[in-house]
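Notes for the structure review
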Amino acid sequence: MAWRIGVDIGGTFADFTALNTDTGDLRTLKVLTTPNAPGDDVAEGLKRLAAEGLEPRAVERFVHGTTVGVNTIIQRRGAPLALFTTDGFTDMLELARLRMPDPYSLFCERPEPLVPREHVFGIAERMDAEGNTLLAPGRESVAAALAAARAAGAQGIVVSFLHAWRNDAHERAVAAMIAEMAPGLFVFHGAEVWPAIREYERTTTAVLNAYVHPRIDAYLERVEGQLRAASIAAPLLLTTSAGGTMTARRGRRDCVGMLLSGTASGVVGAGVVAKAAGLGAVLTLDVGGTSADVALLIDGQPAFGTGHAIGDFPLAIPTVAVVSSGQGGGSIARIDAQGVLQVGPESAGSTPGPACFGRGGTRCTVTDAALLCGILGQGELGFGAIAPDRALSEKAIAPIAAALNTDAAHAAEGVLQVAISGMLVEIDKLLARAGMHASELTLMPFGGAGPMLGALLAETAGIRRVLVPPVPGTLCALGALAADLRRDTMRTALLPLEPAAWPVIAAGLAELAAEAEGALAEMGGAGTADTTLAADLRYRGQSFELTVPVGESLAALATAFHAAHDEAFGHSDPDAPVEVVSLRAVSRRAAPPLPFPVSPVTPHAEAPEKLVPLTLGGATRDAGLFRRAALPPGGRFQGPAIVTQSDCTVLVPPGWSAETDALGNLVMEHA
Amino acid sequence: MRTDPVTLQVLRNHCRAAAESMATTLYRTAHSTFVKETEDFTIQLLDKHGKTCAVPLDLGATWYPGVDYEAAIGLVPGGYQPGDIAMTSDPYSGYLSTHSPDTNMWKPVFHEGEIIAFAGGHIHNVDVGGAVPASLSRTLTEVHQEGLRIPPSKLYRQGVLDETLLRTITTNVRVPEQNWGDLKALVAAVNTGERRILELARRFGVETLQDGLADLLDYGEAQARAVLAGLPDGTYRFADYCDEDGVGGDPLRLKLALRIQGDSAELDFTGTDPQTLCSMNVPTGGHPRHSLILVGVYYVLSALSPKITLNFGTTRPFTCILPEGSVVNPAHPAAVGMRSLTCARLRSLVFGAFAQAAPERLPAAPAGSSSIINLAAENRRTGRRVISAIAPIVGGGGGMPHRDGTDGSGADAAYLKNSPIEITESEAPIRILRYGLMPDTGGPGAHRGGLATVLEFTTDAPDATVTARNRDRSIFQPWGILGGRPGAASSFTLNPGAPNEHDLRNTDLLNPAPGDVVRIVSPGGGGRGDPMTRRPEAVLRDWQAGRVSTAAAARDYGVVIRNGALDLPATEAMRAQQAPREGFDGGPNRTAHEARWNADAYAALGEAMAEVPTAWRGRLKRHLFAQVRASTDPAAEVIRREKGFGKG
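Scoring rules and cut-offs
- Residues numbered from 1 in each chain as written.
- Chains lettered and ligands numbered in written order.
- Predicted model: local features only at pLDDT ≥ 70, side-chain atom pairs only at ≥ 80, totals over all residues.
- Helix = DSSP H or I, 4+ residues; strand = E, 2+ residues; numbered from the N terminus.
- Rg over C-alpha atoms; globule rule 2.2 N^0.38 Å.
- Buried ≥ 20, exposed ≤ 12 C-beta atoms within 10 Å, placed from the backbone.
- Contact = placed C-beta atoms within 7 Å.
- Expected span 1.5 Å × (residues − 1).
- Pairing = 2+ DSSP bridges.
- Axes fitted to C-alpha atoms, helices over the stretch in contact; angles between N-to-C directions.
- Parallel < 35°, antiparallel > 145°, perpendicular 65-115°, else oblique.
- Left-handed = near helix turned anticlockwise from the far one by under 90°.
- Domains from an automatic or database assignment.
- Nonpolar A, V, L, I, M, F, W, Y, C, P; charged D, E, K, R; others polar.
- pLDDT = per-residue confidence, 0-100.

Attention shifts here to the overall build of chain A. Counting its secondary structure elements, chain A contains 16 helices and 36 strands. Computed over the C-alpha atoms, the radius of gyration of chain A is 26 Å, within 12% of the 26 Å expected from 2.2 N^0.38 for a compact globule of 671 residues. For chain A, the C-alpha atoms occupy an extent of roughly 80 × 60 × 55 Å along the three principal directions. Here chain A, with 671 residues, has 57% of them falling under the buried criterion. In chain A, the proportion of contacts linking residues at least 24 apart, taken out of those at least 6 apart, comes to 67%.

With that settled, consider the overall build of chain B. On a plain count of helices and strands, chain B comes out with 17 helices and 22 strands. The globule rule puts the C-alpha radius of gyration for 648 residues at 26 Å, and the 25 Å found for chain B is close to it. By its C-alpha atoms, chain B is 80 × 60 × 60 Å across when sized along the principal axes. Here chain B, with 648 residues, has 58% of them falling under the buried criterion. Sequence separation of at least 24 residues holds for 73% of the intrachain contacts in chain B that already meet a minimum separation of 6.

Quick look at helix α4 (residues 139-151) of chain A now. All names here are of chain A. Taking 1.5 Å as the rise per residue, α4 with 13 residues should run 18 Å; its terminal C-alpha atoms sit 18 Å apart, in good agreement. Against β5 (81-86), β6 (120-123), β9 (156-160) and α5 (169-181) lie the buried residues of α4. Looking at the residues trailing α4, positive phi occurs at Gly 153, about 85°.

Attention now moves to unusual backbone geometry. What you tend to see is this: most non-glycine residues have negative phi, and most peptide bonds are trans. Residues A:Gly344 and A:Pro345 are joined by a peptide bond in cis, for which omega reads -5°. By the secondary structure assignment, A:Pro345 is in strand β22 (residues 341-347). Of note, the amide linkage connecting A:Gly639 to A:Pro640 takes the cis form, showing an omega dihedral of 0°. For A:Pro640, the location among the structural elements is in the loop between β32 (635-638) and β33 (641-645). If you check the backbone angles, A:Asp102 has positive phi at about 60° while not being a glycine. Tracing the backbone through its elements, the reader meets A:Asp102 in the loop between α3 (92-95) and β6. For A:Asp102, a count of 14 C-beta atoms within 10 Å gives the class partly exposed. Even without being a glycine, B:Arg505 presents a positive backbone phi close to 45°. Looking at B:Arg505, the number of C-beta atoms within 10 Å reads 15, which means it is partly exposed.

The next thing to look at is the sheet that holds strand β10 (residues 264-268) of chain B. Residue and element names in this part refer to chain B. Spatially, the four strands line up as an open sheet ordered β8-β9-β10-β11, and their pairing is mixed. A single partner strand is all that each edge strand has here, and the edge strands are β8 (234-242) and β11 (318-321). Between one strand axis and the next, the sheet turns by 20° as a mean value, whatever way the strands run. When strand β9 (residues 252-261) meets β10, the two strands line up antiparallel, connected through five bridges. Within β10, the position partnered with Ile 260 by the bridge is Ala 265. The sheet strands contacting helix α9 (residues 339-357) are β8 and β9, and the helix crosses β8 at an angle near 150°.

If you look at the interface, chain A gives 55 residues, while chain B gives 59 residues. Mapped onto the side of chain A that touches chain B, the elements with two or more residues apiece are α3, α7 (199-229), β22 and α12 (408-434) of chain A. Element by element, the count of residues in the side of chain A that touches chain B is highest for α12(A), at eleven residues.

This next bit is on the packing of helix α15 (residues 599-610) of chain B against helix α16 (residues 614-630) of chain B. Residues and elements named next belong to chain B. Where α15 meets α16, the closest approach of the two axes is 10 Å, and the angle between their N-to-C directions is 140°. By the angle class used here, α15 and α16 are oblique. The interaxial crossing formed by α15 with α16 has right-handed handedness. Facing Leu 605, Ala 608 and Met 609 of α15, the residues of α16 in contact are Arg 617, Leu 620 and Leu 624.

Another aspect to go through is the domain arrangement of chain B. Partitioning chain B into domains gives domain 1 (5-222), domain 2 (363-530 + 581-586) and domain 3 (597-641). Placing a centre on the C-alpha atoms of domain 1 of chain B and another on those of domain 3 of chain B gives a separation of 42 Å.

Looking now at the pairing of strand β5 (residues 114-124) of chain B. Looking along a regular strand, one sees side chains alternate from face to face of the sheet. Residue and element names in this part refer to chain B. In terms of burial, β5 is a largely internal element, nine of the eleven residues being buried. Note: strand β1 (residues 41-47) against β5, seven bridges, orientation antiparallel. Along β5, the bridge assignment pairs Ile 43 with Gly 121. When strand β4 (residues 102-111) meets β5, the two strands line up antiparallel, connected through ten bridges. Looking at the pairing, Lys 107 lines up with Ala 119 of β5.

Residue and element names in this part refer to chain A. According to the domain assignment, chain A consists of domain 1 (74-215), domain 2 (485-589) and domain 3 (604-670). Measuring from the centre of the C-alpha atoms in domain 1 to the corresponding centre in domain 2 gives 28 Å. Each side of the interface is counted separately: domain 1 has five residues, and domain 2 has six residues. Residue composition of the side of domain 1 that touches domain 2, by class: four nonpolar, no polar and one charged.

With seven bridges joining them, strand β30 (residues 610-616) of chain A and strand β31 (residues 619-627) of chain A adopt antiparallel strand pairing. Within β31(A), the residue paired with A:Leu616 across the bridge is A:Ala619.

All names here are of chain A. Read across the sheet, four strands follow the order β30-β31-β33-β34 without closing on themselves; strand pairing throughout is mixed. The open sheet is flanked by β30 and β34 (648-652), the only strands paired with a single partner. Between one strand and the next, the sheet's axes are offset by a mean angle of 35°, whatever the strand orientation. Those strands touched by α12 are β30 and β31, and its axis lies near 65° from that of β30.

Turning our eyes to something else, we now look at the confidence of the model for chain B. Summarising the model, chain B shows a mean pLDDT of 94, and 99% of its residues fall at 70 or more. With a pTM of 0.93, the predicted complex shows an ipTM of 0.92.

Turning to the environment of B:Phe457, a few remarks are in order. Residues and elements named next belong to chain B. Tracing the backbone through its elements, the reader meets Phe 457 in strand β15 (residues 452-459). C-beta crowding within 10 Å serves as the criterion here: with 25 such atoms nearby, Phe 457 is assigned to the buried category. The sequence separation of Phe 457 and Arg 434 amounts to 23 residues, and the corresponding C-alpha distance is 7.0 Å.

Residues and elements named next belong to chain A. Examined against the element boundaries, Thr 620 turns out to sit in strand β31. Judged by local crowding, Thr 620 falls into the partly exposed class, with 16 C-beta atoms found within 10 Å. Through-space distance from the C-alpha of Thr 620 to that of Gly 374 is 9.3 Å; in sequence the pair is 246 residues apart.

Following this line, the structure appears as structure tokens:
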């Protein structure tokens, strides 16, 4: 008998998913997170799984997604660093890309850089755009900067020079000098973390990596200790922002690789469910406390992108493409000076949380509104960890209801409507970018608050089908179990896409593939690696690129690029010169497949356990109450209905029907 | 309001979503890299009268959230049918497009035979023909030189493209396929808008939608009125200056009397200089709520009320008086291509007037001049002549009530993006020697102005041409308020520090020889509050970060730094000798100019202008400035002596 365990740490809960690979038995567990003692939540969950009879020695795979890195950045608790840049460019972090958030405001501001200006030192060195040395870095320049950095209390140094994307010899030379002169300081150089062209983005990515490195290192040490203490021999694997996994050993240096792993594994988990259900185009919706994250899946595969914000900073590494809007379960409702109802972006988060949680929150949130409408409150919340108090919600919404001149339930429905219409903005943008229509999509809601809002959002967005996976509250942990061991490598090329350049392109890709495969081999484990090659191309003169798979020939690559350009932007120009900006290789070793037990489907009508009052569409009416665990495949019922399960509540609005499929998904359709 | 407060917010979110998806469609399908890079386009969701109800906030420029299409819509001959799409690029018909490269487009949305709304937007075409590539230059004197102008006309009639109009466009521009590609993107955007508005009509019902759109304008108006009601009634007079009214010209004065009464405001531009002989004029047709004039107002409102709704309703409490024949209401055929230079000064003019109404709540002047630097040269690697946008050289924001101005960008320039050095050096024969913040350029103040940006580069190309559009503020500095000092002036220098150093002032065209070093420094932001009251620790922190030198710390702040630490007794002693500073400071050049060109002189200038036809005024101004320069008599006297100019 063998078990696989996936653990994902969120804002409020640590989610555990344990899969028995022999029986297909899937267990889920939530424990409260312990932000003040990171790792204790992991130990607690392991203890409880063991108490349920899970044999630690039988654990063959242990995959973990952690928020330690991202929290370090958001809370600004990372390592004091110094940054060495090319002389003349020491204000790079201050200037960033100039454009600021909220450009309409005279008071707009850029986030404080993670390395303050006084800890940035110029090194006299210069490389040109072709990678030729114009001025080699001298020891004196480095020694002087190092002395100043040490005096400033730096624990680590980031070395990032112009044109290191082309030739990182100067960066490596300076890193070696630092290692020799100051062996106590840790060093990262820009091209080592991610060798992409564009100095600000590359440098920021290296700074983020160094900033979180000591805390991640210490945290991984701790979790590995807890695994040993729990007698789990499987190596610690970490989920990555690219929807894969890596070993803890690699994660200690490749810290940026895991920064957005939480959102990525949710999308990977949704992809696994989508693929098993045979869905083509899926919009995932993960509603947490402060935000709603949406992503597109095509045939179970997520899209990738770069430049995703981490806290206030862009990350240059490829990441599962997710967009966020500022409406979550904890978003606060208020009446503005003109008497108009607003929801978010202010959020009660997980502390104090919604008023009904009774943890000191006094303002009405989306969760309170759902309780007052009658969507929540029919079953347990968060595996029984929270008992919502309706009276507190009523008190919180009273001033809003008074201003709207209505009762609590109708005011609450207004709050939900405003929150959902707010989520629509990001979804519409995402679909417009992808050139897709809502009617082609299935919405897959997950996270604690996704299933209660999913169908309402679908209706607003024009999506006619919603699929709720069996355990939507722990899809991230499921994604962790399903994620492949993965290594991405890249190199900036900046070559014309011409026959003369093809040998250089082919050789570069071969080297990248070897590097990625080598990293996989170093991470150990069984199975064969699958490597895919791609290139980022653009028409000459453009400043943005499209990633296109590389096949056997230059002609095939060119054709693929023109087709991709046409698909993405609605036009292409086969006669225009094309540039190869960068080359990429992705090597992965597939995770063992997850068993999806298929149950026989017996079409039948489900009868509700009882009827409960539900306020929707301006009226209060009876809704059928169902328990998810008691809905066998083939069971059909009509909305309005509420389905309770241990990790969340599903709303089936009026006008929707619902049916459990052979895989245990609840599939809703709009008439 | 006709709409309930829940439905209104839901509708507002839906309208915003529709506007964002229009903008995303335009951005995604636009052909030119220029449009994608600069995001020089806007999108509007308009009511049936052509008033803007909603705009996207994440993509595009910030100038037109309150733009009014009504006049231009009415100028299209023959009324509208379903499937029609109209456009204009003529700055003198309907005053919608404000220079010829800007094409505005709109599509009526029909429901059961009635127009219920319009979908609109604009895009800046890289080139529309005319005397110079890209169609813009300060050297142009008539709008006819600024390329093709299309008066309000239908590009599509009932869904059918007007091939003749399209051929006329493509025949008259330098890169026709690019213009057509970008126009097609705009067509796709207004079609998306039409579809989305019809969906809204189905979802909410036509009547609720129409009422809701009207209420959105009322909602925007109510928010703006609430802000105005919170400001003290009164008349606040302010003037600001562009360095030159043309190549090598005289100062260009913009004058504003802001009258706030209750919850409305009048912006009276009487006293503003006559229209210029070059292309710095701002075509408004005298529209009392022209969006281009109100851009500064949008910023002020957003500063006083964060996240305020911006739409046409926002503009209703404001009435602008724009004298005919002045630079803010030029008569045809004055050239208008470089109106963006003047617009930057119009914004600081508005900021200055409001800063008097609410000094405790508003910042000092932002740098107010964002030079767009381009290099044209042959790339040796590829053998091609390339034109590279190097970077916009943007200065800092003004000192704010709660903190220092942002360094190197901010305020009304915060929408601009730079280009990576690595990309620029890969594409153009250029070596950038320095790109960063310039120390000691932020206006000293209790809250310091943001630092200027410096760019220094050299090229080894034999045939390089450098253009620096929108150069200004090298004479008239960004002003400080409440005792704050002005931000440093901008500069443009060839071979700084070398024996052949040369001050290029406001030159906007340069042919450097191989090996020449070009340095451009933006203005800095103005300071706010008496610099002698700035916390010494803040000065020390600036010193540590290289923002303020040891000498400037002592001179500007009275702070003595010795061996890297504050000398507090010496600081106290030094500060004790300083008289407290308060009020406005526009810098020595402004003081000197206003000593010579005092109120009496400008009054005399105004009288002289009133006596001659519009077409003569620019020349008369030039003549009078020359006479005043040549004389030591009071300027007003000199001017009054010159009466009769232009009368034969």
